[in-house]
Amino acid sequence: WMKQHVCPEHPNIVALKMYPSFVPLAGGIADAVYMINVHHELDAPGETLDEAFRLLKEGGKLCIVDWKKAEMPQGPPLRARCTPMEVEEQAVEAGFRNAAVYEDMSKHFLVVAEK
């Protein structure tokens, strides 16, 4: 869908199939890596964060938005959700620094960290 509908109008966007612990790109090429409503689905979040670290340039930013661990009618079951502190800790374990947590949104949190 991306290749047919987005890439023709935005030639700087390259649609690739990725895997949780591998993205078929060279290391150190990205200014930012972001994941939106994905983190709670990861079986091995550490491997995915290691891969994000590999992809980022020095000083690049990791941005993770995911569902707050609170009962609400939207989103995944509560048991599948993580806390922002868990995500922050996993990012630090993967080598990221200057991690910050933002909880201003009503249903989501944001973790930003730097390579």
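The structure this text deals with has already been given above.
Rules used throughout
Counting restarts for each chain: residues are numbered from 1 in the order of the written sequence. Restriction of local features to residues with pLDDT of at least 70 applies here, the model being predicted, together with a cutoff of 80 or more for giving and counting side-chain atom pairs; totals for whole chains, interfaces and linings are based on all residues. Heavy atoms from the whole structure form the basis of all side-chain values; hydrogens and water molecules are not counted. The term nonpolar core refers to a set of buried residues drawn from Ala, Val, Leu, Ile, Met, Phe, Trp, Tyr and Cys, joined through side-chain atoms within 4.5 Å. Only protein chains enter the accessibility calculation, which uses a 1.4 Å probe. A residue is then buried if its area is under 20% of the maximum for its type, exposed if over 50%, and partly exposed in between. Numbered from the N terminus, helices here are DSSP runs of H or I no shorter than four residues, and strands are runs of E no shorter than two. Only heavy atoms enter the contact rule, under which two residues are in contact if any of them lie within 4.5 Å. Any two strands are treated as partners once DSSP identifies two or more bridges connecting them. A fitted line through C-alpha atoms represents every axis, and for helices the fit uses only the stretch in contact; the resulting angles, taken between N-to-C directions, go from 0 to 180 degrees. When the centres of two rings from Phe, Tyr and Trp lie within 6.5 Å, Trp using its six-membered ring, the rings pair. Their planes under 30 degrees apart give stacked, over 60 give edge-to-face, and anything left gives tilted. Counting as a charge over the ring demands two things of the Lys NZ or Arg CZ atom: a distance within 6 Å of the ring centre and an angle within 35 degrees of the ring normal. Note: the arc covers the axis-to-C-beta directions of the helix.

A. A look at the nonpolar core. Membership of the largest hydrophobic core comes to 19 residues, with the highest contact counts inside it found for Val33, Leu62 and Phe96. For this core, the secondary structure elements donating two or more residues are β1 (30-36), α2 (45-55), β2 (56-67), α3 (84-93) and β4 (108-114). Discounting residues that sit within four places of it in the chain, Leu62 has contacts with Val33, Met35, Leu49, Ala52, Leu56, Ala91, Phe96, Val111, Val112 and Ala113.

B. Quick peek at the sheet that holds β2. The strand order β1-β2-β4-β3 describes an open sheet built from four strands, whose pairing is mixed. If you trace the sheet from one side to the other, it starts and ends with β1 and β3 (97-102), each paired once. Strand-to-strand, the axes of this sheet are offset by a mean angle of 10 degrees, without reference to chain direction. With seven bridges connecting them, β2 and β4 associate as antiparallel partners. Within the sheet, the bridge partner assigned to Trp67 lies in β4 and is His108. Each of β1 and β2 is contacted by α2, which is oriented at about 145 degrees to β2, the strand it contacts most.

C. Just the pairing of β4, in detail. The element β4 is extensively covered by neighbouring structure, given that six of its seven residues are classed as buried. Pairing of β3 with β4 involves four bridges; the strand directions are antiparallel. Among the inter-strand pairings, Tyr102 is bridged to a residue of β4, identified as Leu110. Hairpin geometry of β3 and β4 is characterised by an intervening segment of five residues between the two adjacent antiparallel strands.

D. Region of interest: the packing of aromatic side chains. Tallied over the entire structure, the rule returns one aromatic pair. Seen in terms of ring centroids, Phe53 and Phe96 are 5.1 Å apart; in terms of plane orientation they differ by 85 degrees. Their pairing is edge-to-face. Placement of Phe53 in helix α2 and of Phe96 in the loop between α3 and β3 is noted, with a sequence separation of 43 residues between them. Residue Phe53 is classed as partly exposed on the basis of its relative accessible area of 23%. Sitting over the ring of Phe53, Lys115 keeps its end group 4.8 Å from the ring centre.

E. View of α3. Among all positions in α3, only Pro84, Val87 and Ala91 are buried. Down the axis of α3, the sector holding all buried residues measures 65 degrees, keeping them to one side. Within α3, the exposed residues directed more than 90 degrees away from the buried face are Glu89 and Glu93. The elements touched by buried residues of α3 are α2, β2, β3 and β4. One or two positions beyond α3, positive phi appears at Gly95, with a value near 110 degrees.

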